[in-house]
Each structure stands twice: as C-alpha cells, then as structure tokens.
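# Observations on the three-dimensional arrangement
Chain by chain, the residues run as shown.
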Amino acid sequence: MTGYLHRRYAESLAEFGTPHQLPRSGGWILEREVPGAPYLDAMGCYPLFACRDWSQLQYDLESVEGDVLSLALVTDPFGEYDAAYLRHCFPDVARPFKEHYVVDLSRSPETFVSAHHRRYARKALRALRVERCTEPDLFLDDWVRLYATLVERRNIKGIPAFSSAAFARQLRVPGVVAFRAVQQDTTVGMMTWYVQGEIGYYHLGAYSAEGYDLRASFALLWHAIQFFAGIDTVRWLNLGGGAGIKSDGTDGLSRFKRGWATGTRTAYFCGRVFDRANYAALVAMRQVPATDYFPAYRA
C-alpha cells in the first residue's frame, strides 16, 4: 500500500485522532473524542478516504456499529463505487461534495493545458530550475518554511495547517513524489504528490513570496505532468478540487486547476450514524438548530 492507503499517512494525522484501519476494505479512519461528551466519533483521513477494496467497505461499517457515535468522510473520486453503493454504506449522508480536476495522461499535455498556463509555465521556467526531490524528507525544513507562508496567507487552521511532525511523516510515506523550484540555489516552491496504483494524487504545494512572484506553481505543475506522463504505470492525475467547503468552480484555485485538466470526477461527502439514540440526545442537549452539517453536534 502507498500514499493515502499507507499506515504512515494515517499516523501523520494522529494529532487529530487515533488511526484505525478498516480490515476488509483497507481504508483508514481517525477515532476522536467528542468534546464535552463521553463518546468517540470518527472521520476519514484528510483530504480523502481511500480504499483498497471498496466492495468490502459495507462490511467494515457494519462491524464499526456501536464503537463510535458517527463517521464522516470525503471519498476518493477514483474509488470503485457508484452513488447507490455510497447511499447503502452511508444512509444518513451521501452527497456530491466537490468536482476534482483530473488529467488523462494518455493525452499529450500540449493538447489540453491552456495556452495561458503554458505561457506562464515557460516564463517561470526561464527564471527557475525544477527538480525532483529523490529523498523528499531531506527537504523537510524547506517544506515547513514554505508551507508556513501558505498558512499565513490563507489563514489555514485545523488539519490542513499540518504540523512539522506531520510533514516529517508524510515525506516518508511510500509513494510520495516531491518536486522543488529553485532560484539561485534557494528553494522557492515545492509540490508533493502520492502515487497509488495508476493514479498520482496532488497533495500540497507551497511557495515563498519570491515563488509566488515568479509563478513557481506553473513551473512545478508543468514539470510534474511531464514527469508522470513518462511513467507507464501512472494513467491519471488527481489535481483535487477548488478552494473552500462549497467550491462552485469560480474561485482562483479552481480556475488554476481547470487550466491543467482534461476533465473532472466527483468526490462525495458521506456520513453515517452508528449510535442513533446517543446521537439524537447529544444534538438535543446542545440545542443544535436545523442544519445540513454532519455530524450535527459538531456544527
């Protein structure tokens, strides 16, 4: 197992819950305390819940019954499921969440990358050198420094902010691929990916102020697409979705990713209540108004 399917990735998120593997499907969830209540609930690993065998997920969820109050997760858009199966597994919530921009690597990048992005990539590559980090963990300090700039610029909180300890684990997960953009021997941008089977998943990108000015993101993504296109075993790239919880495709991140993509795939938000009596009691005790937030007691 590699990438989001690997134990080390789940363990990188241990600050937010205890990693627990679902034995039949091979997926990982994080069990966590419910604040102010004597219960546990669970969530899928951020940013995606991935499975080795989706057909076995239904049986794993039946065995979870009673151990936790509820489970919430976002599905891998490349998972082997359909909407009906998700509704069976998650009878409480199973709704489209985000469209993820994807790249079909059987096509030449020159045929689908927008002219705007190709132009900016060429300009960036005149000022920058892009290279693969063959030992990504050696660049942990650079990565933490660059990501701190992103956290400050975007006011990122919670799991997506990640700690240096989390990154130390993530850069050693089997299947990780990292690239860096260099200006005069200084790393001004980095991008990390995870390869699982025939799919490369864009994980994170971060840049210094100089990296933003030089549009290092364009140089890095162009280089990454070319790199993965040269690997026979990688068939698709998942670039992820747009910004925000309810991205409508008009934000800047969506526009950026759309310019590299050949299409989209849907990621679903799913939720299941395992202990209905205590779930209802907790929602009532906290006087939660009507909401589509799940689980409601965390609204």
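Just above sits the structure.
Read on for an overview of the structure.

What follows deals with the nonpolar core. In this structure, Tyr9, Trp143, Tyr147, Phe162 and Tyr279 are the most contacted members of the largest nonpolar core, which totals 51 residues. Beyond its immediate stretch of four places on either side in the chain, tyrosine 9 contacts Gly3, Tyr4, Cys45, Tyr46, Pro47, Phe162, Gln170, Val173, Tyr194 and His203.

Before going further, it helps to examine the environment of valine 68. Along the polypeptide, valine 68 turns up in the loop between helix H2 (57-64) and strand S4 (70-74). Sequence-wise, valine 68 and isoleucine 156 are 88 residues apart; in three dimensions their C-alpha atoms are separated by 28 Å. Not counting the four nearest positions on each side in its chain, valine 68 is found in contact with Glu31, Leu40, Asp41, Ala42, Phe274 and Asp275.

A surface patch of positive charge is lined by Arg119, Arg122, Lys123, Arg126 and Arg215. Looking at the element boundaries, arginine 126 is found in helix H4 (residues 115-127). Look at arginine 126 and you get exposed, because its relative accessible area is 67%.

Moving on, we come to the pattern of salt bridges. Any two side chains of opposite charge can pair, on the condition that their charged atoms come close. Using the criterion set out here, one finds 9 salt bridges in the structure. For glutamate 11, the salt bridge is made with arginine 7, and the minimal N-O distance between the two is 4.0 Å. Within this pair, glutamate 11 and its partner arginine 7 are both found in helix H1 (residues 7-11), separated by 4 residues, close to a single helical turn. Close ionic contact of aspartate 104 with arginine 235 constitutes a salt bridge, the shortest N to O distance being 2.3 Å. Of this pair, aspartate 104 sits in strand S5 (residues 93-104) while arginine 235 is found in the loop between helix H8 (216-229) and strand S10 (236-238), placing the two residues 131 residues apart along the sequence. When salt bridges with common partners are traced through the structure, they connect Arg7, Glu11 and Arg169 into a single cluster.

Our focus in this paragraph is the pairing of strand S8 (residues 186-196). Judged by how many residues are buried, S8 sits mostly within the fold: 10 of 11 residues are covered. Pairing of strand S7 (residues 176-183) with S8, which is carried by 8 bridges, proceeds in the antiparallel orientation. For glutamine 183, the partnering residue across the bridge sits in S8 and is threonine 186. Hairpin connection from S7 to S8: 2 residues lie between these consecutive antiparallel strands, with glutamine 184 at a positive phi of about 50°. In terms of strand pairing, S8 meets strand S9 (residues 199-207) through 8 bridges, oriented antiparallel. Note that in S9 the partner of glutamine 196 across the bridge is isoleucine 199. Here S8 folds back onto S9 in antiparallel fashion, the turn holding 2 residues, of which glycine 197 has a positive phi close to 60°.

The next subject is the environment of phenylalanine 16. By the element assignment, phenylalanine 16 lies in the loop between H1 and strand S1 (18-21). For phenylalanine 16 and methionine 43, which are 27 residues apart along the polypeptide, the C-alpha to C-alpha distance reads 9.6 Å. Once residues lying within four places of it in the same chain are set aside, the contact partners of phenylalanine 16 are Arg32, Met43, Gly158 and Ile159.

All right, on to the side chain of serine 70 then. As for its position among the elements, serine 70 is in strand S4. The class of serine 70 is buried, set by a relative accessible area of 1%. Only 2.8 Å separates the side chain of serine 70 from the side chain of tyrosine 297, close enough to count as a polar contact.

For the rest of this paragraph, the subject is the sheet that holds S9. The strands making up a sheet are joined through hydrogen bonds of the backbone, oriented either antiparallel or parallel. Strand order in the open sheet formed by 11 strands is S1-S2-S3-S4-S11-S5-S10-S9-S8-S7-S6, and the pairing between neighbours is mixed. Looking along the sheet, the strands with just one partner apiece sit at the ends: S1 and strand S6 (129-133). Averaged over all pairs of adjacent strands, the angle between their axes in this sheet comes to 30°, without regard to strand direction. Relative to strand S11 (residues 263-273), S5 runs antiparallel, the two sharing 9 bridges. Looking at S11, one finds that glutamate 99 is bridged to threonine 266.

With that out of the way, let us pick up the state of the cysteines. For the structure shown, the criterion picks out 0 disulfides. The structure places no disulfide on cysteine 51, whose sulfur is separated from the nearest cysteine sulfur, that of cysteine 89, by 8.6 Å. Overall, cysteine 51 belongs to the buried group, its relative accessible area being 9%.

We now examine helix H5 (residues 140-154). Here H5 spans 21 Å end to end across 15 residues, near enough to the 21 Å set by a 1.5 Å rise per residue. Within the sequence span of H5, burial applies to Trp143, Leu146, Tyr147 and Leu150. Seen end-on, H5 carries its buried residues on one side only, within an arc spanning 100°. Exposed and facing more than 90 degrees away from the buried side of H5 are Asp141 and Glu152. Its buried side turned inward, H5 meets helix H6 (164-170), S8, S9 and helix H7 (209-213). One or two positions beyond H5, positive phi appears at asparagine 155, with a value near 55°.

Thresholds, definitions, all that
- Residues numbered from 1 in each chain as written.
- Predicted model: local features only at pLDDT ≥ 70, side-chain atom pairs only at ≥ 80, totals over all residues.
- Heavy atoms only, no water.
- Core = buried A, V, L, I, M, F, W, Y, C linked by side-chain atoms within 4.5 Å.
- Buried < 20%, exposed > 50% of the residue type's maximum accessible area, 1.4 Å probe, protein only.
- Contact = heavy atoms within 4.5 Å.
- Helix = DSSP H or I, 4+ residues; strand = E, 2+ residues; numbered from the N terminus.
- Patch = residues over 30% accessible without salt bridge, like charges linked within 9 Å, V, L, I, M, F, W, Y side chains within 5 Å.
- Areas by Shrake-Rupley, 256 points an atom, 1.4 Å probe, with all protein chains shown as cover.
- Salt bridge = Lys/Arg side-chain N within 4 Å of Asp/Glu carboxyl O.
- Lys, Arg positive; Asp, Glu negative; His and termini not counted.
- Charge placed at Lys NZ, Arg CZ, Asp CG, Glu CD.
- Pairing = 2+ DSSP bridges.
- Polar contact = N/O pair within 3.5 Å; in protein donor to acceptor, adjacent residues only side chain to side chain.
- Axes fitted to C-alpha atoms, helices over the stretch in contact; angles between N-to-C directions.
- Disulfide = S-S within 2.5 Å.
- Expected span 1.5 Å × (residues − 1).
- Arc of directions from axis to C-beta.

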